[in-house]
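Secondary and tertiary structure notes
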Amino acid sequence: MNDRPQTKRHNNSPEMWDSYYAAEEGQKGWFDRMIHWGREVYFSKLFAKRIAELGGPATSYLEVGVGSAQTIVRLQQMTGAKCTGIEKTPRAYELGKAHATACEIVLGDAMAMPFPDASFDVVYSLGLLEHFEPDEQARILREHARCARNAVVLELPPDTPHMRLILWVNSCFFGRTGVWADEELFSARHTREKYPGLPFRFRSDWPALGLGCWIVMKPEDILRHVPLI
Ligand SMILES: C[S@@+](CC[C@H](N)C(=O)[O-])C[C@H]1O[C@@H](n2cnc3c(N)ncnc32)[C@H](O)[C@@H]1O
């Protein structure tokens with residue numbers, strides 16, 4: 001099933017992300033506008049529920065790559081917890097700050113986060129890791145773990161036929177690169193092969209139309225089984 005070449009480079013450029021969020025401001029890109037709309041009206045609520053469920057009891061959350069903060073707003077309303085987000089793209093950071101007034105939104109890099117060790121109960125990211133190369137992924141995953149006390153929760157694109165079709169149409173038919181085009185796809189098997197020995201819980205998500213899956217890990221397990229490359 002997983003014969004897609006995983007070494008394919010990913011476009012994770014500031015320009016790509018800036019244009020993705022320009023669409024949220026209604027400036028361009030019907031596909032991106034549809035994604036932002038779907039996030040706003042449906043997925044953000046579902047994802048907030050999943051994080052609260054999968055992360056376990058928590059009084060503080062950190063979202064890495066928070067974007068325009070649609071999910072963290074719901075999570076804060078749902079749990080009343082202290083919620084913090086970190087984001088690298090200035091346009092997304094501005095959107096997030098304006099949107100998530102009850103949360104702390106920080107402009108910064110997931111590779112080297114300005115937070116002390118173990119400063120949040122749960123550290124999570126939604127649609128982040130799949131945009132990076134293996135050495136960067138190891139660094140980002142270890143930074144999630146370094147800042148977490150109880151759990152690290154990742155939402156990732158699953159290796160399903162319809163997800164492959166969407167990416168193929170976008171990349172091969174429309175010549176698109178970056179988000180919704182050259183992501184790495186995940187399954188429980190792929191995660192086992194990628195991080196041998198790392199204990200994790202894998203969960204598909206059909207209410208998310210099979211467009212998202214979840215991996216839950218303990219911070220100490222990540223630091224033991226995911227070495228820097
Ligand atoms: C697919 S978006 C997801 C945004 C948000 N989590 C959501 O669910 O809508 C990935 C986000 O990661 C941000 N990002 C990419 N590289 C980053 C880095 N090195 N540090 C922090 N954020 C980064 C991008 O700007 C983008 O906002």
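As a reminder, the structure under discussion sits directly above these lines.
Residues numbered from 1 in each chain as written. Predicted model: local features only at pLDDT ≥ 70, side-chain atom pairs only at ≥ 80, totals over all residues. Heavy atoms only, no water.

1. Section: the site of the ligand
Around the ligand sit 18 residues in total, of which Tyr21, Arg39, Glu63, Glu87 and Thr89 are the nearest. One of the side-chain nitrogen or oxygen atoms of Tyr21 is found 2.6 Å away from an oxygen atom of the ligand. Here the ligand, which alone exposes 600 Å², has 96% of that area covered by the protein. (Near = heavy atom within 4 Å. Polar contact = N/O pair within 3.5 Å; in protein donor to acceptor, adjacent residues only side chain to side chain. Areas by Shrake-Rupley, 256 points an atom, 1.4 Å probe, with all protein chains shown as cover.)

2. Topic: helix H4 (residues 90–99)
Of the residues making up H4, those classed as buried are Ala92, Tyr93, Leu95 and Gly96. Seen from one end, H4 has its buried residues packed into an arc of 165°, which puts them on one side. Facing away from the buried side of H4, by more than 90 degrees, are the exposed residues Pro90 and Ala98. Looking at the buried side of H4, the elements it contacts are helix H1 (14–24), strand E2 (82–87) and strand E3 (104–107). (Buried < 20%, exposed > 50% of the residue type's maximum accessible area, 1.4 Å probe, protein only. Helix = DSSP H or I, 4+ residues; strand = E, 2+ residues; numbered from the N terminus. Arc of directions from axis to C-beta. Contact = heavy atoms within 4.5 Å.)

3. Focus on the nonpolar core
Judged by nonpolar contacts, the single largest core of 40 residues is most densely connected at Tyr61, Ile72 and Tyr124. Of all the secondary-structure elements, those providing two or more residues to this core are H1, helix H2 (30–55), helix H3 (70–79), H4, strand E4 (120–126), strand E5 (148–156), helix H6 (161–173) and strand E7 (213–217). A total of 8 residues in this core trace back to one element, the largest contributor, which is H2. With residues near it in sequence (within four places) discarded, Tyr61 still touches Ile51, Ala52, Gly56, Leu75, Thr79, Ala81, Lys82, Cys83, Thr84, Phe120, Val122 and Tyr124. (Core = buried A, V, L, I, M, F, W, Y, C linked by side-chain atoms within 4.5 Å.)

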